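What follows is each chain in one-letter form.
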Amino acid sequence: MGSIKDKVAIVGMGCTQFGELWDKSYKDLMVDACYEAFEDAGIEPKDIQAAWYGSRETGFTGAHLANALKLEYIPISRVENFCAGGTDTFRNACYGVASGVYDIALACGVEKTKDHMGGFTMYLTIPFDRSMVEWDLPPVSQFAQLATRYLHHYGLSYEEGRRILSKISVKNHHNGTLSPKAHFRREITLEQAMNAPMISYPLNLYDACGMSDGGAAAIVTIPEIAKSMRKDYILVKALALANGGGQGKLQPQYDFVHIPETVAAGKAAYKEAEIKNPRQEVDIAIVHDCFTITELLIYEDLDFSPRGKGPEDVDAGTFELTGELPVNTDGGLKCFGHPLSASGLRMIYEVYKQLQGKAGPRQLKKADIGLTHNVGGVNGLFNCTVAIFGKP
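Presented here is a report on the structure given in the accompanying data block.

The rules we used
- Residues numbered from 1 in each chain as written.
- Predicted model: local features only at pLDDT ≥ 70, side-chain atom pairs only at ≥ 80, totals over all residues.
- Heavy atoms only, no water.
- Pairing = 2+ DSSP bridges.
- Helix = DSSP H or I, 4+ residues; strand = E, 2+ residues; numbered from the N terminus.
- Axes fitted to C-alpha atoms, helices over the stretch in contact; angles between N-to-C directions.
- Buried < 20%, exposed > 50% of the residue type's maximum accessible area, 1.4 Å probe, protein only.
- Right-handed = clockwise from strand over helix to strand, strands pointing away.
- 1 Å grid on protein atoms, 1.4 Å probe; cavity = no way out; pocket = protein on both sides within 12 Å on 5 of 7 lines; lining within 4 Å.
- Points joined across faces, edges and corners; volume = space filled by probe spheres on them.
- Nonpolar A, V, L, I, M, F, W, Y, C, P; charged D, E, K, R; others polar.
- Salt bridge = Lys/Arg side-chain N within 4 Å of Asp/Glu carboxyl O.
- Parallel < 35°, antiparallel > 145°, perpendicular 65-115°, else oblique.
- Contact = heavy atoms within 4.5 Å.
- Phe/Tyr/Trp six-rings, centres within 6.5 Å; stacked < 30°, edge-to-face > 60°.

In space, the 9 strands of this open sheet follow the order β3-β2-β4-β7-β1-β8-β11-β10-β9, with mixed pairing throughout. Of all strands in the sheet, those with a lone pairing partner are β3 (76–79) and β9 (284–286), marking the two edges. Within the sheet, the average angular offset between the axes of one strand and its neighbour, ignoring direction, is 25°. Pairing of strand β2 (residues 50–54) with β3, which is carried by 4 bridges, proceeds in the parallel orientation. In the strand pairing of β3, A51 is matched with I76.

Given below as structure tokens:
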């Protein structure tokens, strides 16, 4: 099987402000994100030969992007893959140029979750075959199951578990204050995070990310062309996608303390990028912290922490801005916000800026290899992407 490693380069990216953007239409967000990317790459819309548009709630055809950007009859595919849709959109654009069919391609993800269809309008299990007798669970309850089991499995009391989850939230809120485009930009205390109103035991208000409006875009090409466009282009080292097929609902060994799709995608990405020791080799990770428990599981699923040792690394400050392996330097979903299909591209935007040394007050001293991760769906039926990037 072949590899995408070093065959695709990012030459431009854009990201809108995330938040409750009542004064912006989805077309405004497409234009804002894409034109920042065009300017960053030094090209015009007419230079785009093909595009991929990521959306779960905001438009069901590539024609939406063509109309917003006034693109002239180029191929545009709409991509939907739950919360992994943004990175999957990027993945499709990368394979488009790696195939040799296109020289320059655009990936754009946009969602209006606040005033357009009201966010998650579909019960999560409706797209899947099911018995019709089990309860349909909203996202917070799905992930609360994981939190409850994690505390039980590793012998953590409620108070111990709440303290660890709260420290993750405090970290991401701090990082969000350093991100001008983030939805939430204020510090919170550990006490506030621990004592916030309960949503679904043991997860409370500050364990959950915010649903946001927003858009992000990337322009990709092959390295040979990238060299003529800019010096600080960023190379794609790995692109992995893993989809659960319901195994977790059938297999008794499904333990609810790890997400198999994340493990599988991580292993595939590390193999493609030739990474042997993720904790030592990855300099920055932007991961899918839809809830604080998700981030905790990701530490272990991606081999940043040994099994059951994630809480120890949280206490040690391992994943803070000044830690051994900074995670969610821009505030993550928790504070940057989560416009579904835009989130994966927003994550890549942060890694892109960090590797270029352009991340402002949150810039890391060492940023040579970056990783992004998305996961979405329901327990046993998750869709997960892991992407790895590096300097030329």
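What follows is about the pairing of β2. Both faces of the sheet carry side chains from a regular strand, because those side chains alternate between them. Judged by how many residues are buried, β2 sits mostly within the fold: 5 of 5 residues are covered. Residues A50, W52 and G54 point to one face of β2 and A51 and Y53 to the other, with burial holding for every one of them. Here β2 runs beside strand β4 (residues 104–112); their pairing, made up of 5 bridges, is parallel. Within β4, the position partnered with W52 by the bridge is A107. On the question of chirality, the crossover connecting β2 to the parallel β3 by way of helix α2 (residues 63–69) is right-handed.

Going through the model one piece at a time under the given rule, you end up with 1 cavity of 30 Å³ or more. Counted as a void, the largest cavity has a volume near 40 Å³. If you trace the largest cavity, you find it lined by A147, Y150, L151, L156, G161, I164, L165, I293 and L296. Of all the secondary structure elements, the ones that give two or more residues to the lining of the largest cavity are α4 (139–153), α5 (158–176) and α10 (292–301). Partitioning the lining of the largest cavity into residue classes produces 8 nonpolar, 1 polar and no charged.

Moving on, we come to the pattern of salt bridges. A complete count under the given rule lists 26 salt bridges for this structure. The partner of R162 in a salt bridge is D207, with the nearest N and O atoms 2.7 Å apart. Of this pair, R162 sits in helix α5 while D207 sits in the loop between β6 (203–204) and β7 (213–221), and the two are 45 residues apart along the sequence. The exposure class assigned to R162 is buried, which follows from its relative accessible area of 2%. Residue D207 is classed as buried on the basis of its relative accessible area of 1%. A network of salt bridges, in which partner residues are shared, links D40, R230, D232 and K358.

This next bit is on the packing of helix α3 (residues 85–98) against helix α13 (residues 343–356). When two helices pack together, their arrangement is given by the angle between the helix axes and by the axis-to-axis distance. Two elements in contact, α3 and α13, have axes separated by 5 Å at closest approach and are oriented at 70°. Relative to α13, α3 is oriented roughly perpendicular. Where α3 abuts α13, its residues G86, T87 and F90 lie against G344, L345 and I348. When its residues are assigned to classes, the contact of α3 with α13 shows 3 nonpolar, 3 polar and no charged.

On to the packing of aromatic side chains. Following the criterion strictly, the structure yields 10 aromatic pairs and no others. Residues F90 and F389 carry aromatic rings whose centres are separated by 5.8 Å and whose planes lie at 65° to one another, so their mutual orientation is edge-to-face. With F90 in helix α3 and F389 in strand β11 (residues 381–390), this pair connects stretches of sequence that are 299 residues apart. Classification of F90 by relative accessible area gives buried; the value is 0%. Taking relative accessible area as the criterion, F389 reaches 1% and is therefore assigned buried. Residues Y254 and F256 carry aromatic rings whose centres are separated by 4.8 Å and whose planes lie at 90° to one another, so their mutual orientation is edge-to-face. Among the residues examined, Y254 registers a relative accessible area of 11% and is labelled buried.

Read these as spatial facts, not as claims about activity.
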